[in-house]
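One letter stands for each residue in the lines below.
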Amino acid sequence: MIKKHIPNAITCLNLLSGCVSILFTCYDHLLWASAMIFVAAVFDFFDGFAARLLNAKSPIGAELDSLSDVVSFGVAPSFIVAWLLSKMHIGWWVFDVNAFPMLAFFIAMFAAVRLAKFNIDPRQSESFIGLPVPAVGLFIASLPFLLFGIGSDTLVYRIVMNPYFMLAMVAIFSWLMVSEVPFFSFKIKNLRFKDNVLRYFVVIFAIIAVIILKLAALPFVFLFYILLSVICYKG
């Protein structure tokens, strides 16, 4: 039946969005590259929704979803970080190639490990063990919106465009993805406040931040989710 292929088709659109993001980065269109990662996240949400709605879950669908997520939320964000690192006028030159931006691809490598672990870990049906790969990808994708939104004369811009900040971000996110740190998911079974306190806190924070900072608020929203999970969530 055609309907059983619909979720996988949506997953392929996730993968396509990630590939297009990489292409935009190669052509220096960083905002479009970031936007395509957010588009990939929309498809990533709806493929699971469609699978449940149509009762079309399948083993190949789960594997295809992970492969798509590696590209869209691992490789594509790594290209964005590599692009940013390449603009910092620092590097290790190997055969006339600056090897310094290559450190960004630790994100892609650990994202692949994280997703492989997720596929064989029965503990992660309701929450996550280790930082979810889409959260990492979306945080990185939000950075260009922050940088273009606040201007180069601000303290936040100088912090983000500091190579030590970037390398620390790569190292911390890589470790968190494969760690045993629990993170809450946004799967909501009911709307009761006491059962969704942390989720509501993130939503409220996101609304206030976007009203104040517009798109520049996006990285702070994802950072708030990460910090809230690390500090408050016990699994």
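One can find the structure itself at the top, above this paragraph.
Summary of the structure given here. These numbers come from a predicted model, not from an experiment.

Concerning the overall build of the protein
- Looking only at helices and strands, the protein features 9 helices and 4 strands.
- Along the protein, from the amino end to the carboxyl end, the secondary structure elements read α-α-α-β-β-α-β-α-α-α-β-α-α.
- The C-alpha extent of the protein, read off along each of the three principal axes, is 50 × 40 × 30 Å.
- Split into buried and exposed, the 235 residues of the protein put 45% on the buried side.
- Taking all contacts inside the protein whose residues are at least 6 apart in sequence as the whole, residues at least 24 apart take part in 72%.
- Accessible surface, the protein as shown: approximately 12,800 Å² in total, 75% of it carbon and sulfur.

Digging into the side chain of Ser 174
- Its place among the elements puts Ser 174 in helix H7 (residues 163–178).
- Once you skip the residues sitting within four places of it in the chain, Ser 174 turns out to touch Phe 106, Ile 107 and Phe 110.

What to know about the environment of Leu 54
- Inspection of the secondary structure assignment puts Leu 54 in the loop between helix H2 (30–53) and helix H3 (59–86).
- The class of Leu 54 is partly exposed, set by a relative accessible area of 22%.
- For the pair Leu 54 and Phe 105, spaced 51 residues apart in the sequence, the C-alpha separation amounts to 36 Å.

Comments concerning the packing of H2 against H3
- Between H2 and H3, whose axes approach to 11 Å, the crossing angle comes to 165°. One finds that H2 runs roughly antiparallel with respect to H3. The hand of the H2/H3 crossing is left-handed. Side by side, H2 and H3 meet where Leu 30, Ala 33, Ser 34, Ile 37, Ala 40, Ala 41, Asp 44 and Asp 47 of the first sit next to Asp 65, Asp 69, Ser 72, Phe 73, Ala 76, Pro 77, Ile 80, Trp 83 and Leu 84 of the second.
- Class assignment of the residues belonging to the contact of H2 with H3 gives a composition of 11 nonpolar, 2 polar and 4 charged.

Structural notes on unusual backbone geometry
- Although it is not a glycine, Asp 28 adopts a positive phi angle of roughly 70°.
- By the element assignment, Asp 28 lies in the loop between helix H1 (6–26) and H2.
- You will see that Lys 214, though not glycine, has its phi angle at about 60°, which is positive.
- Structurally, Lys 214 can be placed in the loop between helix H8 (197–213) and helix H9 (218–232).

Thresholds, definitions, all that
- Residues numbered from 1 in each chain as written.
- Predicted model: local features only at pLDDT ≥ 70, side-chain atom pairs only at ≥ 80, totals over all residues.
- Heavy atoms only, no water.
- Helix = DSSP H or I, 4+ residues; strand = E, 2+ residues; numbered from the N terminus.
- Buried < 20%, exposed > 50% of the residue type's maximum accessible area, 1.4 Å probe, protein only.
- Contact = heavy atoms within 4.5 Å.
- Areas by Shrake-Rupley, 256 points an atom, 1.4 Å probe, with all protein chains shown as cover.
- Axes fitted to C-alpha atoms, helices over the stretch in contact; angles between N-to-C directions.
- Parallel < 35°, antiparallel > 145°, perpendicular 65-115°, else oblique.
- Left-handed = near helix turned anticlockwise from the far one by under 90°.
- Nonpolar A, V, L, I, M, F, W, Y, C, P; charged D, E, K, R; others polar.

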